[in-house]
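Architecture at a glance
One-letter residues, chain by chain:
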Amino acid sequence: MNFDNVIKVRKNKTVYRDGDTCIKLFNTPEYSKADVLNEALNQARIETTGLNVAGIREVTMVDDKWAIVLDYIPGKTLEELMIENPEKKQEYLELFVDLQLSVHAQKCPTLTRLKDKMRNKISQTTLDATTKYELHHRLEGMPKHNKVCHGDFNPSNIIITDDGTPYIIDWAHVTQGNASADAARTFLLFSLAGDQETAKQYLDIFCKKSDTARQYVQKWIPIVAASQSVKGNEHERELLLSWVDVVDYE
């Protein structure tokens, strides 16, 4: 394996290109074996849906560190294209939402249920018992769906090849559940990046294309924010928990 060509560096992991493969190397030997194997399993399951994704080659160890080897998809991320062509922002956001809706149109019954994952995450938060109770109550009251939800759908996880074919990558957080929860997560990702304008623009397009009431997606925001607050840095946790605090519970 060749580790000279770094594609992306993220917390606890680095992605390298090696010929026609990319290697996601988890940087610490202590990285959870269960998490790595679950991510690989999620990737394999999503391949069966027929969506354009990077095929998984193998799961291995390199110097006592876990690694997942996948097909390398040549092209630029949608995030890069947005930066290079700001005049096309609306067009790119339309494509972005279309791709997300194509994910939501899929079914994959073997995936973890979104509600189960969020229920566990909320229980792990540092929120007080009353707030946790309200969040659990709201979560249980939301409609049960079984649509594929990416869980980290943002422009950096979309690769556009030279011939214009879009690929969706990084399925570590995929679940099956309610599409509006997935949209709430994407809205929060834009917000966490400090881009409130794009967050609002995205939500407008998503609600229009999916014929979903904005209020319905917004009802998911405190639930999703709370569940995401158990990971990430302190600054992100504070921002996410602020989304929990500003909502009036019914």
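Analysis parameters
- Residues numbered from 1 in each chain as written.
- Predicted model: local features only at pLDDT ≥ 70, side-chain atom pairs only at ≥ 80, totals over all residues.
- Heavy atoms only, no water.
- Salt bridge = Lys/Arg side-chain N within 4 Å of Asp/Glu carboxyl O.
- Helix = DSSP H or I, 4+ residues; strand = E, 2+ residues; numbered from the N terminus.
- Buried < 20%, exposed > 50% of the residue type's maximum accessible area, 1.4 Å probe, protein only.
- Phe/Tyr/Trp six-rings, centres within 6.5 Å; stacked < 30°, edge-to-face > 60°.

1. Notes on the pattern of salt bridges
According to the stated counting rule, one finds 13 salt bridges in the structure shown. Between Arg119 and Glu140 there is a salt bridge, with the nearest N and O atoms lying 2.9 Å from each other. Of the two residues, Arg119 sits in helix α4 (residues 114–124) while Glu140 sits in helix α5 (residues 129–141), which places them 21 residues apart along the sequence. The partly exposed category is assigned to Glu140, whose relative accessible area is 40%. Connected through salt bridges with shared partners, the residues Arg10, Lys24, Glu39 and Asp170 form a single ionic network.

2. Some remarks on the packing of aromatic side chains
The tally for this structure, following the rule as stated, stands at eight aromatic pairs. On the numbers, 6.1 Å between centres and 35 degrees between planes, the contact of Tyr202 with Phe206 is tilted. Taken together, the residues span about one helical turn, with Tyr202 and Phe206 both in helix α7 (residues 196–210) at a distance of four residues. For the pair formed by Tyr202 and Phe206, the shared burial category is buried. An aromatic cluster is built from Phe96, Phe153, Phe190, Tyr202 and Phe206, whose rings are joined through pairwise contacts.

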